[in-house]
Amino acid sequence: MLIAVTDACIFIDLIELKITAPFFKLDIEVHTTIDVWNELFDIQQETLNAYQSVGKLTIHILGEEEIEEIDGLNYPRSLSPQDKSVIYIAEKLDALLLSSDKAVRNFAKSIAIDHHGMFWILDQLVDNKFISKTFASFKLRELLQSNIMYNNNMKLWNEANKRFRRWEK
């Protein structure tokens, strides 16, 4: 089973796309931090509470020593306290990091943390047959239209187009 630490943007996209249930069917032990949890709206937390209550989601509350340790690490200024918390936990658990945030992903790459975003999640959902290729294409189009992060980013659009070609055969 994979262990993955997830940031707020992934949870938000999963909830907005209404693919939270299929995501939690994946053979992934999902972790996050209380800092990330507190970034979510109450309604988003309510959606995720069901998964926490059955052990599919673990929320880490960092202690004072851990916070001091994070503060002493050489994280880039572009990272928020929430970003730092998920990177810290991913390192500590030797886990995969799930994030769509460019600064988080770039730093994870620089310190050799395996990291992925929504494209990878959709690939996993299709590969495991939790959603159909047609449904994945629809959800990816929805993501591209609703999330400003994808606007004018040719690299991400090229990645999306690869999936459309593969899924819409």
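Residues numbered from 1 in each chain as written. Predicted model: local features only at pLDDT ≥ 70, side-chain atom pairs only at ≥ 80, totals over all residues. Heavy atoms only, no water.

A. Spotlight on the layout of surface pockets. Roughly 580 Å³ of volume is contained in the largest pocket. Every residue lining the largest pocket is counted, 18 residues in all, and those nearest its centre are Ser 100, Arg 105, His 115, Lys 155 and Leu 156. At the level of elements, α7 (102–110), β5 (115–116), α8 (118–127) and α10 (154–167) are the ones that each hand at least two residues to the lining of the largest pocket. Of the residues in the lining of the largest pocket, the class split is 6 nonpolar, 6 polar and 6 charged. Here the second largest pocket defines a volume of roughly 150 Å³. Counting only elements with at least two residues in the lining of the second largest pocket, the list comes to α3 (34–37), α5 (64–72) and α6 (81–93). Classifying every residue of the lining of the second largest pocket by side-chain character gives 5 nonpolar, 1 polar and 3 charged. (1 Å grid on protein atoms, 1.4 Å probe; cavity = no way out; pocket = protein on both sides within 12 Å on 5 of 7 lines; lining within 4 Å. Points joined across faces, edges and corners; volume = space filled by probe spheres on them. Helix = DSSP H or I, 4+ residues; strand = E, 2+ residues; numbered from the N terminus. Nonpolar A, V, L, I, M, F, W, Y, C, P; charged D, E, K, R; others polar.)

B. Here's a closer look at α10. Here α10 spans 20 Å end to end across 14 residues, near enough to the 20 Å set by a 1.5 Å rise per residue. By the burial criterion, the buried members of α10 are Leu 156, Ala 160, Arg 163, Phe 164 and Trp 167. Down the axis of α10, the smallest arc covering the buried residues is 105°, so these residues share one side. The outward face of α10, more than 90 degrees from its buried face, is lined by the exposed residues Met 154, Lys 155 and Arg 165. Taken together, the buried residues of α10 touch α8 and α9 (133–146). The residue sitting at the N-terminus of α10 and contributing the capping side-chain oxygen is Asn 153; that oxygen lies 3.2 Å from the backbone nitrogen of Lys 155. (Expected span 1.5 Å × (residues − 1). Buried < 20%, exposed > 50% of the residue type's maximum accessible area, 1.4 Å probe, protein only. Arc of directions from axis to C-beta. Contact = heavy atoms within 4.5 Å. Polar contact = N/O pair within 3.5 Å; in protein donor to acceptor, adjacent residues only side chain to side chain.)

C. Spatial organisation of unusual backbone geometry. Although it is not a glycine, Lys 18 sits at a positive phi angle of roughly 60°. Among the secondary structure elements, Lys 18 is positioned in the loop between α1 (8–16) and α2 (20–25). The exposure class of Lys 18 is exposed, given its relative accessible area of 67%. Backbone geometry at Asp 94 places phi at a positive 50°, although glycine is not the residue there.

D. Structural view of the sheet that holds strand β3 (residues 57–60). Taken together, 5 strands build an open sheet; the order of strands is β3-β2-β1-β4-β5 and the sheet is parallel. Looking at strand neighbours, the two that pair on one side only are β3 and β5, the edges of this open sheet. As paired strands, strand β2 (residues 28–33) and β3 are joined by 4 bridges and run parallel to one another. Along β3, the bridge assignment pairs Thr 32 with Ile 59. Here α8 sits on the sheet in contact with β1 (2–6), β2, β4 (96–98) and β5, set at roughly 105° to β4. (Pairing = 2+ DSSP bridges. Axes fitted to C-alpha atoms, helices over the stretch in contact; angles between N-to-C directions.)

E. Representation of the pattern of salt bridges. Enumeration according to the criterion identifies 7 salt bridges in this entry. Between Glu 168 and Arg 141 there is a salt bridge; the shortest N-O distance is 2.8 Å. Remark: Arg 141 occurs in helix α9 and Glu 168 occurs in the segment after α10; sequence separation between them is 27 residues. One salt bridge in this structure joins Arg 163 and Glu 159, with 2.9 Å as the shortest N-O distance. Highlighted residues: Arg 163 and Glu 159, both in helix α10, separated by 4 residues, approximately one helical turn. Connected through salt bridges with shared partners, the residues Asp 123, Glu 159, Lys 162, Arg 163 and Arg 166 form a single ionic network. (Salt bridge = Lys/Arg side-chain N within 4 Å of Asp/Glu carboxyl O.)

Bear in mind that shape data such as this cannot, by itself, settle questions of function.
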